[in-house]
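# Reading the structure
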Amino acid sequence: MFKALMAGHKLGTIGSKWLSATSVDPGDKGQVAKIATKYMVDGGMEPEDAWLTAMVDWMSGMPWPDSMLMVAQAMVRFLDAYEGKVALSAHTILGARQAALEIIVSD
């Protein structure tokens, strides 16, 4: 029970940091947290890595190119602001940055 509460707190904390760094609402209506929870339960991911991976999946699956670009630019701002300050693995950070930059470059 306590572990689930801590994981939920960590998801909320990193989501708050996203909003603080980017001022961008990804329009997910809670889907990123649901996807992240699935990654934590099914794959054993740490909450922060699960959240960032879920955000990348959400960004990459957006049907509107302008919204995808906006979230990709926000992803770079978030990573610039919080890389090394949030408990994210280097692998997850590199993957997220690469996915965002591919979207930005293709625009």
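Below: a short report on this structure. Being a predicted model, the structure only gives us computed values, none of them experimental.

### Details of the packing of helix H3 (residues 47-60) against helix H5 (residues 90-106)
At their nearest, the axes of H3 and H5 sit 10 Å apart, and the two run at 15° to each other. Judged on the interaxial angle alone, H5 and H3 are roughly parallel. Considering the relative orientation of H3 and H5, their crossing is left-handed. Here H3 contributes Asp49, Leu52, Thr53, Val56 and Met59 to the contact with H5, which in turn contributes Thr92, Ile93, Ala96, Ala99, Ala100 and Ile103. Classifying every residue of the contact of H3 with H5 by side-chain character gives eight nonpolar, two polar and one charged.

### A closer look at the packing of aromatic side chains
One pass over the structure, following the stated rule, counts four aromatic pairs. Summarising the aromatic geometry, the rings of Trp18 and Phe78 are spaced 5.6 Å apart at their centres and angled 45° between planes, so their arrangement reads as tilted. Of this pair, Trp18 sits in helix H1 (residues 2-22) while Phe78 sits in helix H4 (residues 65-82), and the two are 60 residues apart along the sequence. The class for Trp18 is buried, based on a relative accessible area of 1%. On the accessibility criterion, Phe78 (0% relative accessible area) is buried. Ring geometry for Phe78 against Tyr82: centres 5.6 Å apart, planes inclined by 40°, an arrangement best described as tilted. In this pair, Phe78 and Tyr82 are both assigned in helix H4, four residues apart and thus about one turn of the helix distant. Comparing Phe78 with Tyr82, the two get one shared label, buried. Members of the aromatic cluster, each reached through a chain of ring pairs, are Trp18, Trp51, Phe78 and Tyr82.

Reading the values: the criteria
- Residues numbered from 1 in each chain as written.
- Predicted model: local features only at pLDDT ≥ 70, side-chain atom pairs only at ≥ 80, totals over all residues.
- Heavy atoms only, no water.
- Axes fitted to C-alpha atoms, helices over the stretch in contact; angles between N-to-C directions.
- Helix = DSSP H or I, 4+ residues; strand = E, 2+ residues; numbered from the N terminus.
- Parallel < 35°, antiparallel > 145°, perpendicular 65-115°, else oblique.
- Left-handed = near helix turned anticlockwise from the far one by under 90°.
- Contact = heavy atoms within 4.5 Å.
- Nonpolar A, V, L, I, M, F, W, Y, C, P; charged D, E, K, R; others polar.
- Phe/Tyr/Trp six-rings, centres within 6.5 Å; stacked < 30°, edge-to-face > 60°.
- Buried < 20%, exposed > 50% of the residue type's maximum accessible area, 1.4 Å probe, protein only.

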